[in-house]
Amino acid sequence: MQQKSKLWVLLLPLMVFLVAVVFLFKGLYSDPSKLESALIGQPVPTFTLQDLYQQDIQHDASIFKGKPMLLNVWATWCPTCYAEHTYLNKLAAEGIYIVGLNYKDDREKAIGWLTQLGDPYQVSLYDKDGMLGLDLGVYGAPETYLIDSQGVIQYRHVGDVNDQVWQQTLLPMFKELK
Amino acid sequence: MRIVMLIITSLLCFASQAAIQVYEFDSKEQEVLFQQLTKELRCPKCQNQNIADSNAPLAQDLRQKAYELVKQGKDRDQVVDYMAARFGNFVTYDPPMTPATIFLWLGPLFFVFGGLVVLWHKTRVVKKVDSAPEMDTAEQAKLARILNGDKD
């Protein structure tokens with residue numbers, strides 16, 4: 001009995017060491033700039049924003065109801081948005097419903113960009129002051145949100161959507177959305 | 001002549017191009033609160049900088065929002081909650097106690113408690129050693145004789 005408890009005391013530093021190894025090893029491969037959204041499981045915040053193309057059309061949060069969809073936050077000043085644009089066009093062609101949020105941008109430039117590169121968005125919101133962006137907790141474009149048919153945010157991806165991200169992360173979750 | 005030109009040009013002062021935002025407050029308390037908040041709130045984009053130090057567009061937006069909220073008469077907790085609801089607890093340098101952060105508070109207590117347990121364990125062992133060699137009756141009798149001053 002005495003021997004056994006002594007063994008445990010001697011093993012304690014080893015166990016502390018192993019826990020630290022696992023913790024630090026995980027830290028090697030985690031990206032600290034990726035933050036989980038605080039809005040997971042919550043509905044898209046209420047807003048009223050103009051349509052990107054037509055100033056007299058206004059949209060509100062009801063556009064996120066009815067079917068699972070993506071919300072893509074982008075801007076013409078964002079190089080990574082350029083990089084992912086082709087892939088978004090491909091997803092749109094495959095029938096994925098994507099809402100675009102043009103974030104703190106110039107309307108003319110944004111329309112020019114979509115005309116030139118193709119428009120993957122079913123609806124394009126124009127958020128000049130970044131008000132919806134702030135309510136969504138956007139901290140860097142591009143960001144892509146998975147939204148279920150109830151208009152509830154289920155996941156946020158920060159960074160570009162490419163084939164790997166879509167196939168490995170987003171698509172499996174998108175299929176689960178109700 | 002060149003010297004004079006140099007002095008004149010060096011004395012010329014143009015308005016600085018860098019725009020420094022000026023915030024005006026209704027009261028001294030609001031200003032102090034705003035200063036405190038911008039130091040305490042962390043910029044999610046430019047990590048490890050607070051929104052007072054960072055000039056990233058997002059930090060500017062957050063400063064502006066914090067300013068508006070302070071102007072509306074919101075207190076510290078309300079502003080921090082507003083930001084945390086959007087950007088998560090990451091946004092504050094003074095995180096609340098949650099299951100994920102509880103170790104920050106309990107960790108030190110755990111180590112102090114562990115130290116006390118080890119200490120208690122050690123002293124108990126020492127005591128046992130002290131009282132270990134007990135005298136049998138013959139030895140006790142001998143001790144009594146010595147103490148009484150009897151000689152063998």
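Residues numbered from 1 in each chain as written. Chains lettered and ligands numbered in written order. Predicted model: local features only at pLDDT ≥ 70, side-chain atom pairs only at ≥ 80, totals over all residues.

> How would you explain the overall build of chain B if you had to name every residue and give the values?
A tally of helices and strands in chain B yields 6 helices and 0 strands. Its helices and strands in sequence order give chain B the pattern α-α-α-α-α-α, from N to C terminus. Out of the 152 residues in chain B, the part that is buried amounts to 14%. By sequence separation, contacts in chain B at least 24 residues apart represent 39% of the contacts at least 6 residues apart. (Helix = DSSP H or I, 4+ residues; strand = E, 2+ residues; numbered from the N terminus. Buried ≥ 20, exposed ≤ 12 C-beta atoms within 10 Å, placed from the backbone. Contact = placed C-beta atoms within 7 Å.)

> Lay out the sheet that holds strand β5 (residues 123-127) of chain A in plain terms, naming residues and giving numbers.
In a beta sheet, neighbouring strands pair by backbone hydrogen bonds and run either parallel or antiparallel. All names here are of chain A. Taken together, 7 strands build an open sheet; the order of strands is β2-β1-β5-β4-β3-β6-β7 and the sheet is mixed. The open sheet has two edge strands with one neighbour each: β2 (58-60) and β7 (153-158). Between one strand and the next, the sheet's axes are offset by a mean angle of 30°, whatever the strand orientation. (Pairing = 2+ DSSP bridges. Axes fitted to C-alpha atoms, helices over the stretch in contact; angles between N-to-C directions.)

> Could you give an account of the nonpolar core, with specific residues and numbers?
Of all hydrophobic cores here, the largest spans 51 residues; its most connected members are Ile 147 of chain A together with Leu 62 of chain B. Once residues within four sequence positions are removed from consideration, Leu 62 of chain B is found in contact with Leu 41, Cys 43, Ile 51 and Met 83 of chain B. (Core = buried A, V, L, I, M, F, W, Y, C linked by C-beta atoms within 7 Å.)

> Could you give an account of the interface of chain B and chain A, with specific residues and numbers?
Contact residues are listed per partner, giving 13 residues for chain B and 12 residues for chain A. For the side of chain B that touches chain A, a count of residues per class yields 7 nonpolar, 2 polar and 4 charged. (Nonpolar A, V, L, I, M, F, W, Y, C, P; charged D, E, K, R; others polar.)

> Outline helix α4 (residues 76-87) of chain B, supporting the account with residue identities and numerical values.
It helps to recall that an α-helix has 3.6 residues per turn; residues three or four apart then point in one direction. The end-to-end C-alpha distance of α4 of chain B is 16 Å, a good match for the 16 Å that 12 residues give at a rise of 1.5 Å each. Along α4 of chain B, the residues classified as buried are Val 79, Val 80, Met 83, Arg 86 and Phe 87 of chain B. On an axial view of α4 of chain B, the arc spanned by its buried residues comes to 130°, and they lie on one face. Looking at the buried residues of α4 of chain B, the elements they touch are α4 (131-136) of chain A together with α2 (28-40) and α3 (57-71) of chain B. (Expected span 1.5 Å × (residues − 1). Arc of directions from axis to C-beta.)

> Can you explain the confidence of the model for chain B? Please cite residues and give values.
The predicted model of chain B has a mean per-residue pLDDT of 83, with 86% of residues at 70 or higher. Reported confidence for the predicted complex is 0.77 by ipTM and 0.74 by pTM. (pLDDT = per-residue confidence, 0-100.)

> Quick one: what's the story with the domain arrangement of chain B, residue by residue and with numbers?
As assigned here, chain B comprises domain 1 (20-91) and domain 2 (102-147). For domain 1 of chain B and domain 2 of chain B, the distance between their C-alpha centroids amounts to 56 Å. (Domains from an automatic or database assignment.)

> I'd like a rundown of helix α5 (residues 163-176) of chain A, residues and numbers included.
A rise of 1.5 Å per residue sets the reference length of α5 of chain A, with its 14 residues, at 20 Å; its end C-alpha atoms lie 19 Å apart and thus fit the reference within 8%. For α5 of chain A, the tally of buried residues reaches only 1 of 14 residues, placing the bulk of the element at the surface.

> How would you sum up the pairing of strand β3 (residues 69-74) of chain A? Please name residues and give values.
Residues and elements named next belong to chain A. Along β3, 6 of the 6 residues are buried, which leaves the element largely enclosed by surrounding structure. As paired strands, β3 and strand β6 (residues 143-147) are joined by 5 bridges and run antiparallel to one another. Considered in β6, the bridge of Val 73 is made with Glu 143. Both β3 and strand β4 (residues 98-103) contribute to a ladder of 5 bridges, which runs parallel. Among the inter-strand pairings, Val 73 is bridged to a residue of β4, identified as Leu 101.

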